[in-house]
Amino acid sequence: MGKLASSFANRRTNDIIKNGVRLLVVIGIMYTAETADAVNFDLSLGLFQYPNPDADSKLIEVTKLVNASQTGAVCLDGSVPAIHFSEGFESGTDNWLIHLEGGGQCSSLEECAGRTTNETGSSNFMTPMGFAGILSRNKSRNPEFYNWNRVKVRYCDGAFFAGSASGENEASKAKGLFFRGQLIWDVVMTELLGLGMANAKQAFLTGCSAGGLATLLHCDSFAELFTPGKVNVKCLSDAGFFIDEKDFSGANKVESVYHDVVTLQGMEANLNKECISQLKPSPESQCLFPQNFINNIKTPVFLVNPIYDAVQMSLFYIPPSLLNDWYPACAFNYANCTKALIKELQDFAGFRGSMLKALSQYQGKKDMGMFIDPCFAHCQTDTDKWHLRSPKINDKTIAEAVGDWYFNRKTVQYIDDRALSANPTCNNKVYESKLERLLH
């Protein structure tokens, strides 16, 4: 664990590495500090691939898109992008489910350079993986999509598959960095069409965390790959509804980081144009917040999101003074949180209210589906929280609710706005035992 932490935070103080980085690597976020006395939270990433205890036993090989470099579509370090592809079978052979990997973002040259030493910025470090949750081929774990063609798109550009070479300059070139997220998106879609997606009868774009945000950014362009009216095309964002909210200190750090990543990686041209026009003269980076552009998405969208998103809550509402109490027991398992700490968390009601307010404007929106639970969680669709150990609302698991919506069986806008983990079907564990042992 020391090597992992130092690779992401070699400029950070020992105190923050001990109390902040260890915790937030667990939840896929890096807390950084410029000094030991003034802690500044950072949305850059520390996600790494970990053994998923819910994954199918069969590992899916990495498929590197070796011809992508000819188009300029490369990861941050110049390596080619990659996917994992599991072929559909039986009734699912003409149906396609695409899942965009999460992993934060990089908003400075230093952060982007740090990602090139692992799979968040280089395909050289990517290895085979098992599929879980919405990607599983096990019908008991994934009743609706288990036999579809399933694709995991690896995330190695640090800008939601939306960066552009227009952001590259002498400084980035000196560090050997490439900002080609949009080109990666384009070349992956071309590859999938060639693999058979061009003949799809049903297509579903999904993603978790940063991948969930990327799903919203690319939802309409994904739908445009298919003949209108001929293919059932929809999108699902899991834990990708990052809101424009102040952190525990009153600073709007998220807004600052989003502005920096948009500017650094030349994302402006790839954001929702209607949103940019509607929000002028606000900076284009405001259109990286889903609450500002979801109304402009024409393709049907489903939101899976906890009100008490574990990552967003940690970014906004867990000040450094609580980190020692928080890590490790409470961070891994909400049931282990002390009553005093639970009270501290529940006292930060602002985030809950802001999340519900941001979501409420989409209630009643045609073609919009929702499963909003009060669990302390982050991504829920790529583990067994998708179905076997899913929270339930209206006696439906996430998988059942999404299936009802995708196949037009019923309107699904489920919002359980109770207090933190008041829903008895919430799973206490944010992360699972194998990951706990790995990190310990």
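Keep in mind it's a predicted model, so treat the numbers as computed, not measured.

Draft legend 1. Local environment of the overall build of the chain. The secondary structure content of the chain amounts to 16 helices and 13 strands. Looking at the 440 residues of the chain, the share that counts as buried comes to 60%. For the chain, the share of sequence-separated contacts (at least 6 apart) that also reach a separation of at least 24 residues comes to 76%. On the chain, roughly 16800 Å² of surface is accessible, and the fraction owed to carbon and sulfur atoms is 48%.

Draft legend 2. Just the packing of aromatic side chains, in detail. In this structure the tally under the stated criterion is 18 aromatic pairs. Their ring planes at 65° and their centres at 6.0 Å tell us that Phe89 and Tyr146 sit as a pair that is edge-to-face. Of this pair, Phe89 sits in the loop between β5 (82–86) and β6 (95–100) while Tyr146 sits in the loop between β7 (129–130) and β8 (149–153), and the two are 57 residues apart along the sequence. Residue classification places Tyr146 among the buried residues on the basis of a relative accessible area of 14%. Considering the side-chain rings of Tyr155 and Phe161, the 5.3 Å spacing of their centres and the 40° angle between planes classify their relative orientation as tilted. Since its relative accessible area comes to 1%, Phe161 is described here as buried. Through pairs of rings, three or more aromatic residues link up here, namely Phe145, Trp148, Phe204, Phe302, Trp386, Trp405, Tyr406 and Phe407. Sitting over the ring of Trp405, Lys234 keeps its end group 4.7 Å from the ring centre.

Criteria and thresholds
- Residues numbered from 1 in each chain as written.
- Predicted model: local features only at pLDDT ≥ 70, side-chain atom pairs only at ≥ 80, totals over all residues.
- Heavy atoms only, no water.
- Helix = DSSP H or I, 4+ residues; strand = E, 2+ residues; numbered from the N terminus.
- Buried < 20%, exposed > 50% of the residue type's maximum accessible area, 1.4 Å probe, protein only.
- Contact = heavy atoms within 4.5 Å.
- Areas by Shrake-Rupley, 256 points an atom, 1.4 Å probe, with all protein chains shown as cover.
- Phe/Tyr/Trp six-rings, centres within 6.5 Å; stacked < 30°, edge-to-face > 60°.
- Lys NZ or Arg CZ within 6 Å of the ring centre and 35° of its normal.

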